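Okay, here's what each chain looks like letter by letter:
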Amino acid sequence: MKHDAGDAAPIASAPAAPEGAAGLFGDRMPLAEQFAAILADTGVSHGLIGPREVPRLWERHLLNCAVIADAFPREARLIDVGSGAGLPGVVLAIVRPDLEVHLVEPMLRRTQWLEGVVADLGLASVTAHRGRAEEFVGVLAAPYVTARAVARLDKLARWCVPLLEPQGVLVAMKGRSAATELEEDRKGLQRLGLTDAVVTEHTSALLEEPVLTVDLRFAPKPARTKAARREGARSSKHARSVRKARS
């Protein structure tokens, strides 16, 4: 699907990139500008972003997502849950062509749009998948899962944890409430096996304030085998018998 032909006339043209944006995107800057133009055009007409978002596309969306690229090591594989307009997944793939990115989006119309974007930008390392996160349990997994403005932290974690490999990291993009959400939801997150929780600031001189991510490592407890459970049951029974005999 080409975004420069066959679609409705552009609702608005993309604003010019701020001076210094090339410092983040490097030689991939033309792709970033092309993506900005797509967002301002069919991104709006397809309902992926609102018309009022167009004037602040760079600051609020493109740069906002680009700065979290430092959360992922080289050649990392990651899943973007609830990708929507490809934020942050598509932006990360533009900034970091070494990343393998899987976009998970439940809505057909949005998934088709994402597939068109990936084709238009020539992002060979990106794959769009249609479905809810829970539908990909046992089908899709990665060392990193990320999401932007999808849901509150505790709910988001329940969707994302099944897609994380052991010792993988959930990188959740959050606003100013990041620390508060983490503190309020900490016990529930720990029950899911998420540990080493930290709030990380990702800064750039191009942004008025840093972008915050809540980074949580998935460290599931080893599953007990049937033999271990039987042995545990026998030990408990024996301990009860001893206590009863002594009483």
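Right, let's walk through the structure included here.

What counts, and at which threshold
In this numbering scheme, every chain counts its residues from 1 along its sequence in written order. pLDDT decides what is reported in this predicted model: residues at 70 or higher carry local features, side-chain atom pairs at 80 or more are listed and counted, and totals for whole chains, interfaces and linings draw on all residues regardless. Only hydrogens and water are set aside when side-chain values are computed; all heavy atoms of the structure are taken into account. Aromatic pairing here means that ring centres of Phe, Tyr or Trp (its six-membered ring) are within 6.5 Å. Orientation follows from the plane angle: under 30 degrees is stacked, over 60 is edge-to-face, and everything else is tilted. Numbering of helices and strands runs from the N terminus, with a helix taken as a DSSP run of H or I at least four residues long and a strand as a DSSP run of E at least two residues long. Accessibility here uses a 1.4 Å probe with only protein chains present; expressed as a share of the type maximum, an area under 20% marks a residue as buried, one over 50% as exposed, and anything in between as partly exposed. To define a nonpolar core, start from buried Ala, Val, Leu, Ile, Met, Phe, Trp, Tyr and Cys residues and group those joined through side-chain atoms within 4.5 Å. Residues count as neighbours in contact if any of their non-hydrogen atoms are within 4.5 Å of one another. Two residue types count as positive, namely Lys and Arg, and two as negative, namely Asp and Glu; His and chain ends fall outside the count. Think of a salt bridge as a Lys or Arg side-chain nitrogen and an Asp or Glu carboxyl oxygen that are within 4 Å of each other. In protein, a polar contact requires one atom able to donate a hydrogen and another able to accept it; more generally it is a pair of N or O atoms within 3.5 Å, and residues adjacent in sequence count only if both atoms are side-chain atoms.

**Re the packing of aromatic side chains**
Summed over the entire model, instances satisfying the criterion amount to 2 aromatic pairs. Measuring from ring centre to ring centre gives 6.1 Å for Phe 25 and Trp 58, while their planes differ by 85 degrees; the resulting arrangement is edge-to-face. In this pair, Phe 25 is assigned in helix H1 (residues 22-25) and Trp 58 in helix H4 (residues 57-66), connecting sequence segments 33 residues apart. Across the pair, Trp 58 and Phe 25 agree in class, each one buried.

**Here's the deal with the nonpolar core**
Membership of the largest hydrophobic core comes to 51 residues, with the highest contact counts inside it found for Phe 25 and Phe 35. If you list the elements that add at least two residues to this core, you get helix H2 (29-40), H4, helix H5 (89-95), strand S2 (100-105), helix H6 (108-121), strand S3 (126-130) and strand S5 (164-174). Considering each element in turn, this core owes the most residues, 8 residues, to H2. Residues in contact with Phe 25, not counting those within four places in the same chain, are Ala 32, Trp 58, Leu 62, Leu 63, Ala 66, Val 91, Ile 94 and Val 95.

**Some thoughts on the side chain of Glu 105**
Turning to its location among the elements, Glu 105 is positioned in strand S2. In this structure, Glu 105 is buried with no salt-bridge partner, the nearest side chain bearing the opposite charge being Arg 110 at 4.3 Å. Here Gly 84 takes part through its backbone nitrogen, which lies 2.9 Å from a polar atom of the side chain of Glu 105. Here Glu 105 is in contact with Gly 82, Ser 83, Gly 84, Arg 110, Thr 111, Leu 114, His 129, Arg 130 and Gly 131, once residues within four sequence places are set aside.

**Details of the environment of Phe 35**
Considering the arrangement of structural elements, one finds Phe 35 in helix H2. For Phe 35, a relative accessible area of 0% puts it in the buried group. Once the C-alpha coordinates of Phe 35 and Gly 86 are considered, the two residues, 51 residues apart in sequence, prove to be 9.7 Å apart. Apart from residues lying up to four places away in sequence, Phe 35 is in contact with Leu 62, Ala 85, Gly 86, Leu 87, Val 90, Val 91, Ile 94, Trp 113, Val 117 and Leu 121.

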